[in-house]
Each structure stands twice: as C-alpha cells, then as structure tokens.
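Coordinates in review
Residue-level listing of the chains:
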Amino acid sequence: MVVDVLTLFPGMFEGVLTESILKIAHEKGVLDVRLHNIRDYTNDKHRKVDDRPYGGGPGMLMTPQPVIDAVEAVRGDDQEAELIFLSPQGQVFDQKIANELAGIKRLILVCGRYEGFDERILLALKPREISVGDYVMTGGEIPAMAIIDAVTRLLPNVLGDPESASNDSFQNDLLDFPQYTRPPEYRGLKVPDVLLSGNHQEISRWRNEQAIIRTRQTRADLLNNKGDST
Ligand SMILES: C[S@@+](CC[C@H](N)C(=O)[O-])C[C@H]1O[C@@H](n2cnc3c(N)ncnc32)[C@H](O)[C@@H]1O
C-alpha cells in the first residue's frame, strides 16, 4: 500500500514510521509512506500557507492554493487513489473503515492545521473526510498516524501471526477476550484453569463467552451490530 501524507509537519512522522510494526511493514515492502510538505507547494514568496478568516474570528485558515496544488501534484493522474482529509467533522474512524481502507492500494491523507481548511478546498477536491473521534486536536498528523497504524496491521504479512488481527477487538463486533501469560499465579491471581487444560475446544468456547460478557459490560452497543444470537 502506498500512503501519501500531505502535512506542514512531516518531521512528526519520523519516529512513528521507523519503529515496530510500521518499520517492519516498510522493510517488507508492504507499506510505502511518502511525506509531502504542503509548504513546498505555496506560490507565496514568504512560503505562507494560512490567512485570517473572512468575517473575522479567531485563528487562521489554510489557504486554497498550496493545499489544492499539493494534492493535484501528488495525485497526478491517479483517480483510483482515495483522497482523505483528516477532520473532526468527518466520518468517525472505526475498525470497519480500517478494514475498508486496508483493501485500497493508495491513500492520500491530508492533515489540517490552524482552524482548518478554507471551505473551497473541500468544495474543489471533494475528499472523503475522516475524524478520529469527537474531540479537536491541533492538527491532522496524529489522526493520520492513527489511521496508518490501524490499517497497516491489517495488511497481509505484516503481523507475525496472521490470526492475531482477526481476533482483535471490534473485528467481530466484540471486544477481545481476557488474555494471560506466565506466570500461572501472580500476587494470588491465578490463570483460569481452562487456559491451562490443553483442551482447545473448551478454550475456544471460554474465550468466546468471555468476549461476549466483556462486550456486554462495557460496549453493549457493539452487540446490536451482530447478526447472530449473542
Ligand atoms: C484545530 S483543528 C480545526 C478544527 C475546526 N475549527 C473545527 O472545529 O472543525 C485543525 C486540524 O486538526 C485536524 N483534526 C483535529 N481534530 C481532529 C479529529 N478529531 N479527527 C481528525 N482530524 C482532526 C484536522 O485536520 C483539522 O483541520
């Protein structure tokens, strides 16, 4: 997958892309993140990319020319690429959207700053807008990183065990079941006997029950999405 990121702060991505799973995905050739500085596309001699809002009010807005030119230059003739603007006003990102995006060959993620984008940018480019939740961050960079991270672990050959993503919370509209590792007892807290039994059928049944109990306790809304009898 190719992910083009348009941002005013490309340096923010360095640590995230060069550690752990994203680094491995890059080394395996599964993920190719290309960072583009929107400021490099401005026609302004002072390299300005923002201005005050008409009608007054606090803060600055990203001006149309640098953003639109940057998107057009990066996208080129590729009309298949999914153009996504990070915005608190967008569709709220979830595991279903992560799965959907994992099936797309090329994403172009545009990170806003200041008070956001001049509306004409959105009218001209008609991007999909995605939010990472109902709160406002200072820029789209961390939301873009969250999306890249969640999507990358769904790409083939990224996780060591291909099953680990399929058991994750939300993949089946359930939270993950409780997990234990060594030692078998810690501060008087014991690993449930069934997990030490070696009976894979029983373990599977227990895990499924626990996932349903846990989901009912804290995220009962997810169970409404399930079509089966849970
Ligand atoms: C301070 S915010 C602008 C908020 C805007 N004035 C509003 O109220 O809708 C600046 C930029 O951060 C990014 N951003 C902030 N919160 C976000 C969220 N929840 N999801 C995705 N992007 C977000 C967007 O790219 C946005 O253009």
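The numbering scheme is per chain: residues are counted from 1 as the chain's sequence reads. Per-residue local features of the predicted model are confined to residues with pLDDT of at least 70, and side-chain atom pairs are confined, for both listing and counting, to 80 or more; whole-chain, interface and lining totals are unaffected and use all residues. Side-chain measures here rest on the full set of heavy atoms in the structure, leaving out hydrogens and waters.

What follows concerns the pairing of strand β1 (residues 2-7). A simple rule labels every residue: compare its accessible area, found with a 1.4 Å probe on the protein chains alone, to the largest value its type can have, and call it buried under 20%, exposed over 50%, or partly exposed in between. Every helix listed is a DSSP run of H or I at least four residues long, and every strand listed is a run of E at least two residues long, numbered separately from the N terminus. The buried fraction of β1 amounts to six of the six residues, a majority that puts the element mostly inside the structure. Where burial is concerned, the two faces of β1 agree: the one with Val-2, Asp-4 and Leu-6 and the one with Val-3, Val-5 and Thr-7 are both buried. As paired elements, β1 and strand β2 (residues 32-37) share six bridges and run parallel to each other. Bridge assignment links Val-5 to a residue of β2, and that residue is Leu-35. Paired strands, as defined in this entry, are two strands with at least two bridges between them according to DSSP.

Turning our eyes to something else, we now look at the sheet that holds strand β6 (residues 106-110). An order of β2-β1-β6-β5-β7 is seen for the five strands of this open sheet, with the pairing classed as parallel. Pairing within the sheet leaves two strands with one partner each, and these edge strands are β2 and β7 (128-131). Strand-to-strand, the axes of this sheet are offset by a mean angle of 30°, without reference to chain direction. As paired strands, strand β5 (residues 82-92) and β6 are joined by four bridges and run parallel to one another. Axis angles are defined between N-to-C directions and span 0 to 180 degrees, where every axis is a line fitted to C-alpha atoms and, for a helix, only to the segment in contact.

Right, let's get into the domain arrangement of the chain. These domain boundaries are the output of an automatic or database domain assignment. Each assigned domain of the chain is listed with its residue range as follows: domain 1 (2-152) and domain 2 (170-223). For domain 1 and domain 2, the distance between their C-alpha centroids amounts to 37 Å.

What follows covers the packing of helix α4 (residues 95-102) against helix α6 (residues 141-152). Orientation of α4 relative to α6, taken along the N-to-C sense of each, is 70°, at an axis distance of 9 Å. Here α4 is positioned roughly perpendicular relative to α6, judged by the angle of their axes. Seen from α4, the contacting residues are Ala-98, Leu-101 and Ala-102; seen from α6, they are Ile-147, Ala-150 and Val-151. Residue polarity is assigned by list, with Asp, Glu, Lys and Arg as charged and Ala, Val, Leu, Ile, Met, Phe, Trp, Tyr, Cys and Pro as nonpolar; anything else, Gly included, falls into the polar class. Across the contact of α4 with α6, the residue classes tally to six nonpolar, no polar and no charged. Each angle gets one of four labels, with under 35 degrees taken as roughly parallel, over 145 as roughly antiparallel, 65 to 115 as roughly perpendicular, and the rest as oblique. In this description, contact between two residues means that some pair of their heavy atoms is separated by no more than 4.5 Å.

Here we take up the site of the ligand. Residues are counted as near a molecule or strand when any one of their heavy atoms sits within 4 Å of it. Surrounding the ligand, one finds 21 residues, the nearest of these being Leu-86, Gln-89, Gly-112, Tyr-135 and Met-137. Here a nitrogen atom of the ligand and a backbone polar atom of Val-132 are 3.0 Å apart. Polar contact is the term for a pair of N or O atoms within 3.5 Å; when the atoms are in protein, one must be able to donate a hydrogen and the other to accept it, and sequence-neighboring residues count only if both atoms are side-chain atoms. Between a nitrogen atom of the ligand and a main-chain N or O atom of Met-137, the distance comes to 2.9 Å. Per-residue accessibility takes into account occlusion by the displayed protein chains alone, with areas from the Shrake-Rupley method and a 1.4 Å probe. Compared with its free state, where it exposes 590 Å², the ligand has 87% of that area covered by protein.

The next thing to look at is helix α3 (residues 64-75). The terminal C-alpha atoms of α3 lie 16 Å apart, and with twelve residues this matches the ideal 16 Å at 1.5 Å per residue to within 8%. Residues Pro-66, Val-67, Ile-68, Ala-70, Val-71, Val-74 and Arg-75 constitute the buried set of α3. Note on α3: the residue one or two positions beyond its end, Gly-76, has a positive phi of about 60°. To estimate the expected span of a helix, subtract one from its residue number and multiply by 1.5 Å.

Below, the discussion takes up α4. Think of an α-helix as 3.6 residues a turn; residues three or four steps apart then line up on the same face. Taken residue by residue, α4 has Gln-95, Ile-97, Ala-98, Leu-101 and Ala-102 as its buried positions. Down the axis of α4, the sector holding all buried residues measures 160°, keeping them to one side. Buried residues in α4 make contact with β5, β6, β7 and α6. If you check the start of α4, you find a side-chain oxygen 3.1 Å away from the backbone N of Lys-96, and it comes from Asp-94. Note: the arc covers the axis-to-C-beta directions of the helix.

Attention now goes to the confidence of the model for the chain. The quantity known as pLDDT measures the predictor's confidence residue by residue, on a range of 0 to 100. Looking at the chain as a whole, its pLDDT mean stands at 96, while 98% of the residues score no less than 70. Here helix α7 (residues 163-166) stands out as the element of the chain with the lowest mean pLDDT, 80, in contrast to β6, whose mean of 99 is the highest.

To continue, consider a nonpolar patch on the surface. Every patch collects residues that have over 30% relative accessible area and no salt bridge, joining them within 9 Å if they carry like charges and within 5 Å if they are nonpolar side chains (Val, Leu, Ile, Met, Phe, Trp, Tyr). The salt bridge criterion pairs a side-chain nitrogen of Lys or Arg with a carboxyl oxygen of Asp or Glu, the two atoms within 4 Å. On the surface, Phe-9, Met-12, Tyr-135, Met-137 and Ile-142 cluster together into a nonpolar patch covering about 440 Å² of accessible area. You can see Tyr-135 is positioned in the loop between β7 and α6.

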